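Listed here are the chains, written in short residue letters.
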Amino acid sequence: MSNQTGPSTWEYTLYVPHDPRAVAIARHTLTRILTTHHLPALLDDARLLASELLGNAIRHTQGPAALKLRHNGHALRLGAWDTDPTPPADPGPDSYGLHLVDTYADDWGWFQVNTGGGAAGKYVWCELGTPA
């Protein structure tokens, strides 16, 4: 018998050029992924958070970016990679975007990336718990 709903753990990465239109394309792709994996309850918050993370990556850097989605059966992790290793600003009154991430996500953080293969930069991530 086949599993109609698919695996509970999955991961997708969407690499995008340095183009503000990429945020809308990523939002559309995210919607398709979450709908396909039967997680419509996460759509609104996930679209908001992905737009903010990827929008910041494109707005504050000059290189390409990527949106990564990972579901482990209990939580959805959204992350944006960009080419600038500078830490994101602390979520305060002057950093509206990260304030949204801090408010809507169950958890968030970031780390510098340096693979040695030219993929240096940072990865900013956040998590949303999967409704029961």
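Every value quoted in this text rests on a predicted model; they were computed, and no experiment measured them.

1. Some words on the environment of alanine 75
At step 1: Relative to the helices and strands, alanine 75 resides in strand 3 (residues 75-82).
At step 2: Accessibility expressed as a relative area gives 14% for alanine 75, which makes it buried.
At step 3: Excluding its chain neighbours within four sequence positions, the residues that come into contact with alanine 75 are Arg70, Glu127, Leu128, Gly129 and Thr130.

2. Thoughts on the pattern of salt bridges
At step 1: Taken as a whole and assessed by the stated rule, the structure comprises 7 salt bridges.
At step 2: With a closest N to O distance of 3.0 Å, arginine 77 and glutamate 127 form a salt bridge. Linking arginine 77 in strand 3 with glutamate 127 in strand 5 (residues 121-129), this pair joins segments that are 50 residues apart in sequence.
At step 3: Beyond isolated ion pairs, a larger network of salt bridges with shared partners links Glu11, Lys68 and Arg70.

3. A word on the sheet that holds strand 3
For sheets, the rule is that strands pair by backbone hydrogen bonds, running either parallel or antiparallel.
At step 1: The strand order across the open sheet formed by 5 strands is 1-2-3-5-4, and the pairing between neighbours is antiparallel. Every interior strand has two partners, whereas the edge strands, strand 1 (9-16) and strand 4 (107-113), have only one. On average, each strand axis in the sheet is tilted by 15° relative to the strand beside it, whichever way the strands run.
At step 2: Two elements, strand 4 and strand 5, share 7 bridges in a ladder whose sense is antiparallel. Each bridged residue has a counterpart across the sheet, and for aspartate 107 the counterpart in strand 5 is glutamate 127.
At step 3: Against the sheet, helix 2 (residues 43-59) contacts strand 1, strand 2 (65-72), strand 3 and strand 5, and its axis sits at roughly 15° relative to strand 3.

4. So, the pairing of strand 5
At step 1: By the criterion of burial, strand 5 is predominantly enclosed, with 7 of the 9 residues buried.
At step 2: In this structure, strand 3 lies alongside strand 5, joined through 8 bridges in antiparallel fashion. In the strand pairing of strand 5, alanine 75 is matched with glycine 129.

5. Side note on the packing of helix 1 (residues 21-36) against helix 2
At step 1: Running from N to C, helix 1 and helix 2 cross one another at 150°; their axes reach a closest spacing of 9 Å. Relative to helix 2, the element helix 1 is oriented roughly antiparallel. Along this stretch, helix 1 crosses helix 2, giving a crossing that reads as right-handed. The segment helix 1 lies against helix 2, with Ala22, Val23, Ala26, Arg27, Leu30, Thr31, Leu34 and Thr35 engaging Leu43, Ala46, Arg47, Ala50, Ser51, Leu54, Gly55 and Ile58.
At step 2: Of the residues belonging to the contact of helix 1 with helix 2, the class tally is 10 nonpolar, 4 polar and 2 charged.

6. Brief notes about unusual backbone geometry
At step 1: The phi dihedral of histidine 38 falls on the positive side, at around 60°, and the residue is not glycine.
At step 2: Tracing the chain through its elements places histidine 38 in the loop between helix 1 and helix 2.

The rules behind the values
- Residues numbered from 1 in each chain as written.
- Predicted model: local features only at pLDDT ≥ 70, side-chain atom pairs only at ≥ 80, totals over all residues.
- Heavy atoms only, no water.
- Helix = DSSP H or I, 4+ residues; strand = E, 2+ residues; numbered from the N terminus.
- Buried < 20%, exposed > 50% of the residue type's maximum accessible area, 1.4 Å probe, protein only.
- Contact = heavy atoms within 4.5 Å.
- Salt bridge = Lys/Arg side-chain N within 4 Å of Asp/Glu carboxyl O.
- Pairing = 2+ DSSP bridges.
- Axes fitted to C-alpha atoms, helices over the stretch in contact; angles between N-to-C directions.
- Parallel < 35°, antiparallel > 145°, perpendicular 65-115°, else oblique.
- Left-handed = near helix turned anticlockwise from the far one by under 90°.
- Nonpolar A, V, L, I, M, F, W, Y, C, P; charged D, E, K, R; others polar.

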